[in-house]
Structures are given as structure tokens and as C-alpha cells.
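Structural description and commentary
One-letter residues, chain by chain:
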Amino acid sequence: MVTHRKSRSLTTTILFLLFAYICLIWLPLHHLGSRHHRHPRPPPLHSDQHSQHSIHLNSTTVEKHPVSSYISLPPLPSSTASSIPQIQYDFPPESRPERKIRLQRQRAVKQAFLHAWTGYKDHAWLRDEVTPQTGGYQDTFSGWGATLVDSLDALIILGLDDELELALEALTQIDFTTTGSGDVNVFEITIRYMGGFLAAHDLTHGKYPILLQKAEELGAMIYNAFDTPNRMPQMRWDWSRSAQGKEIEAAERTVLAEFGSLTLEFTRLSQLTGNPKYFDAVQRITNELERAQSKTRIPGLWPLFVDAKHLRFDWSQFSLGGCADSTYEYLPKQHILLGAQRDEYREMYEAAMKVITGKLLFRAMTKDEERQVLFTSNALGLRGGKLHDVEYIQEHLKCFLGGMVGLASKVFNRTEDLPIARGLTDGCIWAYESMATGIMPEIMAVSPCKDMAHCPWDEGKWYEDVLGQPIHSRKHLEQAQEVVEREGLPPGVVGVTDAAYKLRPEAIESIFIMYRITGDKTLQDVAWRMFQNIDKVTRTKYGHSAIDDVRNPLPQLSNKMESFWLAETLKYFYLIFSEPDHISLDEYVLSTEAHPFKRPS
């Protein structure tokens, strides 16, 4: 049952928007031949890289809080022992016209990838990001070449062999023992760098030893962030203190998504190296999440922030968007990676879904009454599990939910959840289609239905939701109409808090997953329209750029291209136009950064 507000709390709205802004800042912007695409060798690394730094982590660092015994990895299942059902749809052979169209679309995506990759290679090689308008660079993730490493498996998936060779040669220049950053974002470094190395290793079947070697080097470095009194990681890690042998401790305010989203990468590293310490490190976090899940202010869910130092989960802000998303996403995915050999990830997912569908899930009122457009709300949790001031806010970051619920519906035999997964995916498709650019904004508010099953369009209610109060006069109506006109609000949208598009992948991620598990080819057409719209307004001289306002057909560019544009967004666009057995969901599990890890068997 969807909880509805009777009145709007301005204070709560401001608080939620503030938290959303913080999360968006803290969680930044997850086979064709290639010989004719060879490009000149990239320029050498700039001389001001980290080689001159005096502080380095080294292998002789003594742990202050060593683990007495490790939690062991569960034994790998035999092919008959795994209880994970088939995930992918049994696709029939495609016709010649279907294949022709699919390959044309795939080639267009590959060309866009090469355009952005070449801009990075020629102007920001071994730096974290290229500035796509000006051809400069930024070091936003410790300066170890985030775009290069994050894109390794994409180069393999797209069949760009020559580019992969250049990237592999450059890896020897990356030194994970030092950085110019004041602190290291453990979550971002793990999903972008470690995930990139491990996926490339898996996709090449161990052909290039440097990939696992670099993953181990990074793992050994990041493991120092767990050397706290309670073994919970310091997620914004003051690495120089560890390098100097000083004490560190977990933070009292830790982002949930960062805290709970290291499991896949650390588990895969333990599986490949045989070193149990990495799995032990993240399983301890899981144990705390499991212990606290039923004791939060909304039992079944975790708040956006946790006190990792004292292991308290008493914050009142709850959402499935920024600051929370991938902790939930990793529950079914970790279950898959462990070969269904542990029960707690399934149990935590099912407990969370019970609350999500019972308290946060809602239907948006749209003019397309035949399509059930679903989103999830944000809420404050009161003690005792009651919700306070529910906000019907949709973030682009929440668009992963359709894929997560769809994947879990197959993995956990929850067939009743598949329509929910489709509704959540359709919600993001509708949000894209509603805007002038054909692209969804970062954050928007929508008009909720009173009834999930029956929701006719009610223009009067929409105007009331836009205005935030009942309309009792012609003046009120004109005020609402003025807001709609001034802010460019399409029917059903009541506000756009952040109109930017940051090249995010979450919508195409869910569309790809739903396509692979249902075989619905109309989703390929949706993906093609999305790709064309994005490419049209974001393409620059040296890549693709985030834009400032999706409501403007000619938006301003922000000169920002995060590594996930190549690692995730374009990868998902490419894969939805690939043959279904290319990175099959029955062979790989994709991380929150879209890195495919080989499923154990």
C-alpha cells in the first residue's frame, strides 16, 4: 500500500534536497574487428604525476588491528549444486533485416565510444578524465588513470584489440602506493579501478597477468582502509596517516552506498587470488547490515547514512537513490557471485523488497494510462517504522531499480516482481521521453496516483501538486500554469530540482537487463532513441559532455566526462545491440560499474 502525504512539509523537502545534493556530490558522476581503428601512440605521462611525492604506502606496514581469523569463502558450487535459475530469455534466431538494423545501431555506438576514447587517449592519457570541450584533463579519482582502467573491459567487449594493447602497456606506469589526493574514496576507487582490472582479467581468461597483478596491488593498498578498531573501513580514507603508521577509524557519518557496495569486487579478488582477507573484510560489513536491518527506523531498509565507527543505523533519511542505491543492488548480485552458497543476501533482499513494495513504491500519474509508470519515494523514518513526509522524488540514480528487481525476480524465483521491474523501467523511459531533449534529468518530482491499479489523468490534481496546495480559485490555477510554463514541466512532472544530465547509465542499464531477461525487442528501439538523443546534444570535439538542462533543446555543456560514460553507459548501449550470448547474464554478473565478473561454476 502506498503511503500518501496530506500536506507538504517545506522543511522536510529542503532537507531531502540537501541530502540529495550531498549524495550527488559524494557519489560522482556505473565483436567487431578493430585493426582499421589503430591510432598513434598516446602522448607520454605528464611529468608532474605522483613520482615526486615523498609519502608512499609499502608492503611492510604493520596492521594495528589485525584479524585473528578470516571468514572463509564458501566453496564454489558444482554446476548441479547451484540453485540459480536461468536468467536470460531463450532468444530465437533473428531475421536478416533484424540483424542488419541491430548491427547498424551497434556500429553507431562503437563509433561514439571511439570518439570519446580517442579524445581521452590523445589529451588525458593516464589521467582520470578528459575535459571533452577543451581537451584538458582532471584528476578526480586519485590520478591513477580512472578512464583508462575503467574502460579496459569495454575495449575487450567492443573488440578494440589495438586500443587494449596500448592500455595494457600503460598499466605499468600506475603507482598505487601514492597519490596527490588528500584522501582516497574507497568506494569509487574499488568499483572503477579494481572492477576494471578484474573484469578485464575474467574476459581475457587470465591471458594478461598484469591485470590481476594490478588488482592485487590495489587491493593490498585499499585493505589498509579497513585497519580500524572495529574493522569497518574508513570510506574517505586518510591514506597518508596509514602510510605513516598512524591510527585511523571509521567515520561517524558514512554513506550507505559506499559502506555496503564493496562486496562484488573484494569477493572476486579473493576468488581469483585465493587470499581470504578481501572476502573477510566485506563479509564483516554484510554481517553488520544484516544485524541492523530489522532495527532501523524503517525496518527492512537502511538509512542513507550510518555511523560506521559505533555501528549505529539511526539516521532518519531513507531513499533508494543516491547514497543508498548500490547497497541494495549488490544483494542479488553477491548471491549470484557466491553461487547461491550463502542465504543472507537473499534474505536481506526479500526483507527490503517487502518494505519497498509496501511503503515506497508508487505509480506516477501520466497521460499514458495504459503504461504503469512506477517510481519509489523518499521518506523520513520515525521510530516504530512509521513514515513521515513522503516525497515523490525521482532521481536518475534510482533507474537501476528496474534492472535490479528484474534480475532478482529470476534469481530468487520471484515471478510476481517482474511486472514491478518493468514498471520501474518504464518509469525511467517515460521520464526520458517527457523532456525536450529526450533525456531524463538528475532529479525531478512527479504527481503520484491515488490508486496503483486505476489512475486516470487528472489535470486539476497535477496543477495542485505543482503548486503544492489545493486550487480554490482562478488565481491559483493561473499560478500553477505559470509555474508549468516557466519551468518547462511536462504533464505529470511537478518540479525539476536538478535539470542536468551527467552521462549516467542507470536507465539504459535497466533497459538492457529487462531486454535480456524478457526478450522484448521494443526495448532495443527505446534504447536506440535514447542513444541518438544523448549523442546529439552531448557530443563535443574531444568526447561527450554532461549538459546543464535537459528541458532545453540546445543545452549548455559542462565540460565533464566521467569514466562511467565509457565504462557503463556506452557499454550498455553496445551490449543491447549485441547478440544475446555476448556477456550473457547466465555467465557473468555485472558490477555497479558494469564490470562483468565471471560467475563461479
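Residues numbered from 1 in each chain as written. Predicted model: local features only at pLDDT ≥ 70, side-chain atom pairs only at ≥ 80, totals over all residues. Heavy atoms only, no water.

Some remarks on the state of the cysteines
Applying the stated criterion to the full structure yields two disulfides. Two residues, Cys449 and Cys455, share a disulfide whose sulfurs are 1.9 Å apart. The disulfide joining Cys449 to Cys455 has a torsion of about -85° about its S-S bond and is therefore left-handed. A single burial state applies to Cys449 and to Cys455, both of which are buried. (Disulfide = S-S within 2.5 Å. Buried < 20%, exposed > 50% of the residue type's maximum accessible area, 1.4 Å probe, protein only.)

Observations regarding the UniProt feature "binding site: Ca(2+)" (unreviewed entry) in the chain
Sequence positions flagged by UniProt for "binding site: Ca(2+)" (unreviewed entry) are, in local numbering, Thr592. Mapping Thr592 onto the fold places it in the loop between strand E17 (588–590) and strand E18 (596–598). At a separation of 2.8 Å, a polar atom in the side chain of Thr592 contacts the side chain of Glu329. (UniProt positions renumbered as here; feature names shortened; annotations may be inferred. Helix = DSSP H or I, 4+ residues; strand = E, 2+ residues; numbered from the N terminus. Polar contact = N/O pair within 3.5 Å; in protein donor to acceptor, adjacent residues only side chain to side chain.)

Considerations on helix H19 (residues 522–538)
Each α-helix winds once per 3.6 residues, and so residues spaced three or four apart point in a common direction. Taking 1.5 Å as the rise per residue, H19 with 17 residues should run 24 Å; its terminal C-alpha atoms sit 25 Å apart, in good agreement. Buried within H19 we find Leu523, Gln524, Val526, Ala527, Trp528, Met530, Phe531, Ile534, Asp535, Val537 and Thr538. On its buried face, H19 is in contact with helix H2 (96–123), helix H15 (418–434), helix H18 (506–518), strand E15 (539–540), strand E16 (543–544) and helix H20 (564–576). (Expected span 1.5 Å × (residues − 1). Contact = heavy atoms within 4.5 Å.)

Quick look at the sheet that holds strand E14 (residues 493–498)
Sheets are built from strands that pair by backbone hydrogen bonding, the pairs being arranged parallel or antiparallel. Reading across the sheet, the three strands line up as E12-E13-E14 and stay open at both edges, with antiparallel pairing between neighbours. Since the sheet does not close on itself, it has two edges, and those belong to strand E12 (393–395) and E14, each with one partner. Here the average twist between neighbouring strands, direction ignored, is 25°. (Pairing = 2+ DSSP bridges. Axes fitted to C-alpha atoms, helices over the stretch in contact; angles between N-to-C directions.)

Digging into the packing of H18 against H19
The contact between H18 and H19 brings their axes to 9 Å, and the two run at 160°. Relative to H19, the element H18 is oriented roughly antiparallel. Note that H18 runs across H19; the crossing there is left-handed. In contact with Ala507, Ile508, Ile511, Met514, Tyr515 and Thr518 of H18, H19 contributes Leu523, Gln524, Val526, Ala527 and Met530. Looking at the contact of H18 with H19 residue by residue, the classes come out as nine nonpolar, two polar and no charged. (Parallel < 35°, antiparallel > 145°, perpendicular 65-115°, else oblique. Left-handed = near helix turned anticlockwise from the far one by under 90°. Nonpolar A, V, L, I, M, F, W, Y, C, P; charged D, E, K, R; others polar.)

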